[in-house]
2 protein chains.
Amino acid sequence: MQTRQGQSIEDASMSIIEDEIVSHDYDTWEWPIVRRIIHSTADFDFARDNRVIFHDDAIQSGIKSLNNGCNIITDVNGIPGLLNKRNLADFGNNTICKISDDKIANLAKKANSTRARVSMQQSAAEMENGVVVIGNAPTALLEVISMIHQNEARPSLVVGVPVGFIQAAESKAELEKIQVPYITNRGRKGGSPVAAAIINALFKLLRSSP
Amino acid sequence: MQTRQGQSIEDASMSIIEDEIVSHDYDTWEWPIVRRIIHSTADFDFARDNRVIFHDDAIQSGIKSLNNGCNIITDVNGIPGLLNKRNLADFGNNTICKISDDKIANLAKKANSTRARVSMQQSAAEMENGVVVIGNAPTALLEVISMIHQNEARPSLVVGVPVGFIQAAESKAELEKIQVPYITNRGRKGGSPVAAAIINALFKLLRSSP
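Our subject in this report is the structure included herewith.

## A few points about the environment of Y182 of chain B
Residue and element names in this part refer to chain B.
In step 1: On the secondary structure map, Y182 appears in strand 6 (residues 182–185).
In step 2: For Y182, a relative accessible area of 7% gives the class buried.
In step 3: Along the primary structure Y182 and K85 are separated by 97 residues, whereas in three dimensions their C-alpha atoms are 23 Å apart.

This is the structure we're talking about:
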């Protein structure tokens with residue numbers, strides 16, 4: 001539900017990005033996603049040192065699941081707030097984020113674990129054919145990778161772009177090794193706006209695909 | 001409500017930032033805020049080219065208002081989701097974000113304006129002695145600046161860190177000219193995590209101040 005004025009600002013931003021990027025090696029499906037990340041962060045690093053990486057089947061698998069009204073499981077509450085509400089309503093996708101649940105906090109304390117990690121363990125059922133979106137916590141991403149290895153979780157796409165200094169880059173390097181479709185990036189940068197930009201861009205591709 | 005494990009990851013991150021920053025010219029009140037931004041973005045630019053700028057009274061004014069349970073008015077829904085929930089509960093602060101209200105969308109269409117701009121106009125009353133937090137929309141920040149100039153809005157602090165290619169840097173340059181306390185940064189970068197990091201850091205300062 002964007003106003004004409006809002007759309008025109010977005011279009012102008014995208015033009016500036018096209019002008020300034022000079023060159024990139026993303027294909028016609030990938031580039032709208034990377035461009036939206038740059039639009040959300042004003043940071044061209046996401047096409048350079050902190051470049052976005054796509055599993056070969058990531059975009060098609062993600063689009064298909066979103067189109068089927070899949071769950072979107074996130075590590076932090078900030079991500080749902082940044083997603084386009086009309087897309088979620090039109091395609092019937094529920095966002096699920098358990099990190100602030102009292103139950104999660106209690107379980108995490110008992111296990112000397114993180115709330116992020118436990119919130120993923122407690123969302124295994126909702127992940128079935130769902131899209132998992134990690135924008136903040138490396139421990140959440142490492143847990144999802146472990147759950148996939150154990151066949152405890154079977155998402156159709158993992159968007160893993162945690163940010164930070166402890167295990168963020170390492171957890172993303174682990175994600176690049178899994179067989180399940182993923183979208184991630186190299187290095188320390190990432191975050192909720194990057195995660196949300198990827199999902200919003202996937203919906204745009206879904207709407208424009210034949 | 002952070003687990004011991006979560007706190008230890010945060011402490012380790014902060015140590016890395018202290019090690020890698022080499023030097024900076026922020027004072028003992030400012031640096032914990034800038035450091036938390038770097039922690040949230042993994043981007044040292046916020047102490048360099050996109051450096052954070054503080055009005056002389058910004059931190060004290062913000063802390064005082066938050067301590068008094070002031071409203072926190074945001075331009076996008078992503079910011080409340082990134083704020084520490086316990087702080088809001090303990091100090092009685094309400095978060096207000098009207099951008100997704102149907103009324104705002106209708107008004108914006110009629111006026112050929114942006115939802116961000118109209119949502120600020122429609123929040124003037126709630127801004128009285130409140131903290132305004134703009135993490136995304138330059139038009140929202142420009143509107144708040146205009147409302148302050150017209151004496152239509154009297155917040156105690158404006159956190160203005162919109163991100164992007166159109167008017168973001170320009171709107172922040174305008175913010176640096178106002179008399180009302182502000183926290184902003186130079187250049188195109190910014191965003192919801194930056195905005196939320198500033199508020200979360202202000203609460204930390206509030207809790208640790210005498």
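## Concerning the sheet that holds strand 3 (residues 95–96) of chain A
Hydrogen bonds between backbone atoms are what pair the strands of a sheet, whose relative direction is either parallel or antiparallel.
All names here are of chain A.
In step 1: Read across the open sheet, the six strands follow the order 1-6-5-4-2-3; overall the sheet is mixed. Lying at the two open borders of the sheet, with one neighbouring strand each, are strand 1 (52–54) and strand 3.
In step 2: Strand direction decides the pairing type here: strand 2 (residues 72–74) and strand 4 (residues 131–134), joined by three bridges, are parallel. Considered in strand 4, the bridge of I73 is made with V132.

## As for the sheet that holds strand 6 of chain B
All names here are of chain B.
In step 1: Strand order across the open sheet formed by six strands is 1-6-5-4-2-3, with mixed pairing between neighbours. The sheet terminates laterally at strand 1 (52–54) and strand 3 (95–96), the two strands that pair on one side only.
In step 2: Relative to strand 6, strand 5 (residues 157–160) is paired through three bridges, and the arrangement is parallel. Bridged to V159 within strand 6 is I183.
In step 3: Seen against the sheet, helix 9 (residues 168–175) touches strand 5 and strand 6 and runs at an angle of roughly 145° to strand 6.

## Focus on empty space enclosed by the protein
All names here are of chain B.
In step 1: This structure, assessed with the given rule, holds one cavity of 30 Å³ or more.
In step 2: It is helix 10 (residues 192–208) that contributes the most residues to the lining of the largest cavity, three residues altogether.
In step 3: Of the residues assigned to the lining of the largest cavity, the class counts are five nonpolar, nine polar and four charged.

## Considering the relation of the copies chain A and chain B
In step 1: Take chain A, turn it by 180°, move it 0.0 Å along the axis, and it overlays chain B with an RMSD of 0.0 Å. Look at the turn and shift together and you get a two-fold axis relating the two. Closest approach to the rotation axis among the C-alpha atoms of chain A is made by G78 of chain A, whose C-alpha sits 2.4 Å away.
In step 2: When the interface residues of chain A are mapped onto chain B, 98% of them again lie at the interface, so the same face is used by both copies.

## Notes on the packing of helix 8 (residues 138–149) of chain A against helix 9 (residues 168–175) of chain A
Residue and element names in this part refer to chain A.
In step 1: At a minimum axis separation of 9 Å, helix 8 and helix 9 run at an interaxial angle of 20°. Our classification of the angle between helix 8 and helix 9 gives roughly parallel. For the element pair helix 8 and helix 9, the recorded crossing hand is left-handed. Only A168, S171, K172, E174 and L175 of helix 9 make contact with helix 8, whose side of the interface consists of P138, L141, L142 and I145.
In step 2: In terms of residue class, the contact of helix 8 with helix 9 is made up of six nonpolar, one polar and two charged.

## Things to note about the packing of helix 2 (residues 31–41) of chain B against helix 10 of chain B
All names here are of chain B.
In step 1: Where helix 2 contacts helix 10, the two axes come as close as 8 Å, and the packing angle between them is 140°. Overall, the two elements helix 2 and helix 10 adopt an arrangement that is oblique. Between helix 2 and helix 10 lies a crossing whose hand is right-handed. For the pair formed by helix 2 and helix 10, the contact residues are P32, I33, R36, I37, S40 and T41 on the first element and P193, V194, A197, I198, N200, A201, L202, K204 and L205 on the second.
In step 2: Class assignment for the residues of the contact of helix 2 with helix 10 results in ten nonpolar, three polar and two charged.

## A short note on the side chain of E143 of chain A
Residue and element names in this part refer to chain A.
In step 1: Relative to the helices and strands, E143 resides in helix 8.
In step 2: Overall, the relative accessible area of 8% leaves E143 in the buried class.
In step 3: Within the structure, E143 has its side chain in polar contact with the side chain of Q121 (distance 3.4 Å).
In step 4: Beyond its immediate sequence surroundings of up to four residues, E143 is in contact with R117, M120 and Q121.

## A word on helix 6 (residues 102–110) of chain A
Residues and elements named next belong to chain A.
In step 1: Every buried residue of helix 6 is accounted for by I104, A105 and A108. The arc enclosing the buried residues of helix 6, seen along the axis, measures out at 100°, which places them on a common side. Turned more than 90 degrees from where helix 6 packs its buried face, D102, K103 and K110 sit exposed.
In step 2: Those residues of helix 6 that are buried lie in contact with helix 7 (115–121).
In step 3: Positive backbone phi, approximately 45°, marks N112, located one or two places after helix 6.

## Quick notes on the pattern of salt bridges
In step 1: Across all of its chains, the model carries 28 salt bridges over all chains by this definition.
In step 2: Here K189 of chain A makes a salt bridge to D43 of chain A, at a shortest N to O gap of 2.8 Å. Placement of the pair is K189 of chain A in the loop between strand 6 (182–185) and helix 10 (192–208) and D43 of chain A in the loop between helix 2 (31–41) and strand 1, with a sequence separation of 146 residues. With respect to class, K189 of chain A is no different from D43 of chain A; both count as buried.
In step 3: E176 of chain B is the partner of R186 of chain B in a salt bridge, and the nearest nitrogen-oxygen pair spans 2.7 Å. Taken together, the residues span a long stretch of sequence, with R186 of chain B in the loop between strand 6 and helix 10 and E176 of chain B in the loop between helix 9 and strand 6 at a distance of ten residues.
In step 4: A residue is classified by how much of its surface remains accessible, and R186 of chain B, at 39% relative accessible area, is partly exposed.
In step 5: The class for E176 of chain B is partly exposed, based on a relative accessible area of 24%.
In step 6: One network of salt bridges, in which partners are shared, links D43, D45 and K189 of chain A together with D43, D45 and K189 of chain B.

## A closer look at the packing of aromatic side chains
Residues and elements named next belong to chain A.
In step 1: Going through the model one piece at a time under the given rule, you end up with six aromatic pairs over all chains.
In step 2: A ring pair is formed by Y26 and F54, whose centres lie 6.1 Å apart and whose planes are at 80°; its orientation type is edge-to-face. Placement of the pair is Y26 in the loop between helix 1 (4–21) and helix 2 and F54 in strand 1, with a sequence separation of 28 residues. With respect to class, Y26 is no different from F54; both count as buried.

Conventions and cut-offs
Residues numbered from 1 in each chain as written. Chains lettered and ligands numbered in written order. Predicted model: local features only at pLDDT ≥ 70, side-chain atom pairs only at ≥ 80, totals over all residues. Heavy atoms only, no water. Helix = DSSP H or I, 4+ residues; strand = E, 2+ residues; numbered from the N terminus. Buried < 20%, exposed > 50% of the residue type's maximum accessible area, 1.4 Å probe, protein only. Pairing = 2+ DSSP bridges. Contact = heavy atoms within 4.5 Å. Axes fitted to C-alpha atoms, helices over the stretch in contact; angles between N-to-C directions. 1 Å grid on protein atoms, 1.4 Å probe; cavity = no way out; pocket = protein on both sides within 12 Å on 5 of 7 lines; lining within 4 Å. Points joined across faces, edges and corners; volume = space filled by probe spheres on them. Nonpolar A, V, L, I, M, F, W, Y, C, P; charged D, E, K, R; others polar. Least-squares fit on C-alpha atoms with pLDDT ≥ 70 in both. Parallel < 35°, antiparallel > 145°, perpendicular 65-115°, else oblique. Left-handed = near helix turned anticlockwise from the far one by under 90°. Polar contact = N/O pair within 3.5 Å; in protein donor to acceptor, adjacent residues only side chain to side chain. Arc of directions from axis to C-beta. Salt bridge = Lys/Arg side-chain N within 4 Å of Asp/Glu carboxyl O. Phe/Tyr/Trp six-rings, centres within 6.5 Å; stacked < 30°, edge-to-face > 60°.

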